[in-house]
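Reading the structure
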Amino acid sequence: MAQYYSVEQVAELLGLHVRTVRGYVRDGRLRATRIGKQYRIAAGDLAEFTGAPEPVPAAAQRHAEASTIVQIDAIGTAEAARLANTLMAAVAGPREGSPLRIQTLHDEQRSTLKVIILGELADTAELLVIVNALIRENTDV
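As the structure is a prediction and not an experimental result, all values here were calculated from the model.

By the element assignment, S6 lies in strand β1 (residues 4-6). The exposure class assigned to S6 is buried, which follows from its relative accessible area of 11%. In contact with S6, not counting residues within four places along its chain, are Y39, R40 and I41.

Laid out in structure tokens, this is it:
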């Protein structure tokens, strides 16, 4: 759905007086639709008027996520809990875009830990680097 601005909003966005924007509309330099007693300016018309590219709606922007499962073998309960807590702390806090989601599952009988990561590609890659460092830290000892 197209985004519309009031004359006042356009004036504020462009740093102009409201009367100046109304004059542009009356002169036909800025396309607008009259609704009742007020004008509404479509985002595309404002972009054309200013020469700026029309913003791409969020729904039309391409988005990619990764779903990753990391299985760590030969890991005890205490070490699995420490690793899981460290990873949970790493993803806590504010992030831009969609949140990074993580879930862990430790199988005591098989001594395995599965780390399930869902998130944007860059964030997932960053977390995989952390997982790799934590695993290497414990196997080098």
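Now, onward.
We now examine the packing of helix α1 (residues 7-14) against helix α2 (residues 18-27). Viewed as axis vectors pointing N to C, α1 and α2 meet at an angle of 110 degrees, and their least axial separation amounts to 8 Å. Judged on the interaxial angle alone, α2 and α1 are roughly perpendicular. Relative to α2, α1 is oriented so that their crossing is right-handed. Contacts from V7, E8, V10 and A11 in α1 reach V18, V21 and R22 in α2. Among the residues making up the contact of α1 with α2, the classes are represented as 5 nonpolar, no polar and 2 charged.

Cut-off values and rules
- Every chain's residues receive numbers from 1 upward, in the order its sequence appears when written.
- Totals for whole chains, interfaces and linings use every residue, but because this is a predicted model, local features are given only for residues with pLDDT of at least 70 and side-chain atom pairs only at 80 or more, for both listing and counting.
- Water and hydrogen atoms play no part in the side-chain values, which are based on all heavy atoms of the structure.
- Comment: elements are numbered from the N terminus, with helices defined as DSSP H or I runs of at least four residues and strands as E runs of at least two.
- Only protein chains enter the accessibility calculation, which uses a 1.4 Å probe. A residue is then buried if its area is under 20% of the maximum for its type, exposed if over 50%, and partly exposed in between.
- Whether two residues are in contact is decided by their heavy atoms, any of which lying within 4.5 Å being enough.
- Simply put, an axis is a line fit to the C-alpha atoms, just over the touching stretch for a helix, and the angle between two N-to-C directions goes from 0 to 180 degrees.
- Small angles under 35 degrees read as roughly parallel and large ones over 145 as roughly antiparallel, with 65 to 115 read as roughly perpendicular and the rest as oblique.
- Each crossing gets its handedness from the near helix: less than a right angle anticlockwise from the far helix is left-handed, clockwise is right-handed.
- Ten residue types, Ala, Val, Leu, Ile, Met, Phe, Trp, Tyr, Cys and Pro, are classed as nonpolar, four, Asp, Glu, Lys and Arg, as charged, and the remainder, Gly among them, as polar.

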